[in-house]
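So you can see what is in the structure, the chains are spelled out below.
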Amino acid sequence: MIRKTLYLCFGIVVAAFISLNACSSNMNANAQENKDEQSELELKKLQEQKSVWESDLADKSRFTLNLKLNAQERSLARSHAKSVTTNLQKNNFYVHYLLTKLKEANIPLEMAAIPLVESGLNPHVHNKGAHGAWQYVRSTGYSLGLKRSRGYDGIYDFFASTDAGVKYLNRLYQDLGDWQLVVVAYNQGEYGVKRAIGNAQKKGIKNPTANDIVISRTARTYLTRFKAYSDILKNPQAYGVTLPNIKNRTAFRKVEVAGKVSSLHEAARLSGASLDVLKKLNSGYTSDKIDPTRGLLVPIEHADTFEKAIYGKSAEKYPEDIPLKIKN
């Protein structure tokens, strides 16, 4: 009986020891996990203090086209370098999003020159039937899912139109297999480029490039500008300019405002953000009225103030590394 009692006591002690060790291991694991999370947060903060041009979004390895500029293209780059940097600065709220979307889709960074050539990143541009930062004609916009309703036009929404632009560029590349041909097709039209490729192949050119096909003078000029602008992004120092210091983080947060705020003017008053900035971030709105189903994009530095004003307390912060879903 005494022996059984001793065995039982010994078993209890062993079980307690194992339990204590397991608890200690869990505590150590939790401590290590907290330490890792803290390290990640500190690293993220350090990365965000850098300019976006010093981040992995704009790393030299992201320039993959190996473009060779001729004298005319280099001259054009010199003459346009200051206007490119000015447009980047004026529309700095858009740059991080644009570079992020290109990287996510594994599209060469040179293609960031497309909306720069088209509009200088200005979402309100319209010219001869083409609209917005990416200068879509209406039929192309509709085919890419850019919706239009009372008080909202997706073709002028920089973020929605950029999502569409990335989709369109990838679609063209899948069809054409060459990024310079994609650039030509963006200007001249896909079917015109395919016809030019077919003509070149009939002449014995097996894999025609943009230099081998017959394209319009306008498309050739467009390609020249594209190469010049993309080289400014890649080698700004060669043209005597510095790319503007743009923070390496999402510039805004989406706030749901249904039943709380109905106008941009009211949102500006409550958030402390300027009306011009709100209009720039919400460029798809065609009036002061906010569509309650779409919400509002607010500068990240004003988002907490705005959420406190409309909800009475800070809403849970959105992780800035989660891609924003833009509703067309």
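Residues numbered from 1 in each chain as written. Predicted model: local features only at pLDDT ≥ 70, side-chain atom pairs only at ≥ 80, totals over all residues. Heavy atoms only, no water.

(A) View of the sheet that holds strand 1 (residues 126-127). Strand order in the open sheet made by the 3 strands is 1-2-3, with antiparallel pairing throughout. On the outer flanks of this sheet lie strand 1 and strand 3 (136-137), each paired with one strand and no other. Pairing analysis gives 2 bridges linking strand 2 (residues 130-131) to strand 3, with the strands arranged antiparallel. Counted as the bridge partner of Ala130 is Val137 from strand 3. (Pairing = 2+ DSSP bridges. Helix = DSSP H or I, 4+ residues; strand = E, 2+ residues; numbered from the N terminus.)

(B) Layout of unusual backbone geometry. Phi is positive for Asn106, close to 55°, though the residue is something other than glycine. For Asn106, the position within the fold is in the loop between helix 3 (92-104) and helix 4 (113-119). Positive phi, normally seen in glycine, also occurs at Leu121, with a value near 70°. Tracing the sequence through the fold places Leu121 in the loop between helix 4 and strand 1. Assessed through its relative accessible area of 0%, Leu121 is described here as buried. (Buried < 20%, exposed > 50% of the residue type's maximum accessible area, 1.4 Å probe, protein only.)

(C) Expanded view of the pattern of salt bridges. Counting across every chain of the model gives 11 salt bridges. Notably, a salt bridge pairs Arg253 with Asp304, separated by 3.3 Å at the nearest N-O pair. Taken together, the residues span a long stretch of sequence, with Arg253 in strand 6 (residues 252-255) and Asp304 in helix 12 (residues 300-311) at a distance of 51 residues. The buried category is assigned to Arg253, whose relative accessible area is 7%. When its relative accessible area of 22% is taken as the criterion, Asp304 is described as partly exposed. The partner of Arg253 in a salt bridge is Glu307, and the shortest N-O contact between them spans 2.8 Å. (Salt bridge = Lys/Arg side-chain N within 4 Å of Asp/Glu carboxyl O.)

(D) Just the packing of helix 3 against helix 6 (residues 158-176), in detail. Following both chains from N to C, one finds helix 3 and helix 6 inclined at 25°, their axes separated by 10 Å at the closest point. Looking at the two axes, helix 3 sits roughly parallel to helix 6. As for the relative orientation of helix 3 and helix 6, their crossing is right-handed in sense. Along its contact with helix 3, which presents Phe93, Tyr94, Tyr97, Leu98, Lys101 and Leu102, the element helix 6 presents Phe158, Phe159, Thr162, Asp163 and Val166. (Axes fitted to C-alpha atoms, helices over the stretch in contact; angles between N-to-C directions. Parallel < 35°, antiparallel > 145°, perpendicular 65-115°, else oblique. Left-handed = near helix turned anticlockwise from the far one by under 90°. Contact = heavy atoms within 4.5 Å.)

(E) Spotlight on the side chain of Lys101. The residue Lys101 is located in helix 3 in this model. Of the residues examined, Lys101 reaches a relative accessible area of 13% and is grouped as buried. Side-chain polar atoms of Lys101 contact the side chain of Glu104, separated by 3.4 Å. (Polar contact = N/O pair within 3.5 Å; in protein donor to acceptor, adjacent residues only side chain to side chain.)

(F) Layout of the confidence of the model for the chain. Averaged over the chain, the pLDDT score is 87; the fraction of residues at 70 or greater is 80%. Segment residues 41-47: pLDDT under 50, and 3 contacts once partners within four positions in sequence are set aside and those in other chains are kept. For the stretch residues 315-326, pLDDT sits under 50, and the model shows 25 contacts to residues farther than four places along the chain or on other chains. (pLDDT = per-residue confidence, 0-100.)

(G) View of the packing of aromatic side chains. Under the counting rule described, the total for this entry stands at 10 aromatic pairs. Between Tyr97 and Phe252 the ring centres are 6.3 Å apart and the planes differ by 40°, which places this aromatic pair in the tilted class. Taken together, the positions of Tyr97 in helix 3 and Phe252 in strand 6 put the pair 155 residues apart, joining distant regions of the chain. On the basis of relative accessibility, which here comes to 7%, the residue Tyr97 falls in the buried class. A residue is classified by how much of its surface remains accessible, and Phe252, at 5% relative accessible area, is buried. When the ring of Tyr168 is compared with that of Tyr186, the centres are 5.6 Å apart and the planes differ by 55°; the resulting orientation is tilted. Taken together, the positions of Tyr168 in helix 6 and Tyr186 in helix 7 (residues 179-188) put the pair 18 residues apart, joining distant regions of the chain. The same class applies to Tyr168 as to Tyr186, namely buried. An aromatic cluster of at least three residues, connected via ring pairs, comprises Tyr94, Tyr97, Phe158, Phe159 and Phe252. When the ring centre of Tyr152 is taken as origin, the NZ or CZ atom of Arg294, which lies over that ring, is 3.7 Å away. (Phe/Tyr/Trp six-rings, centres within 6.5 Å; stacked < 30°, edge-to-face > 60°. Lys NZ or Arg CZ within 6 Å of the ring centre and 35° of its normal.)

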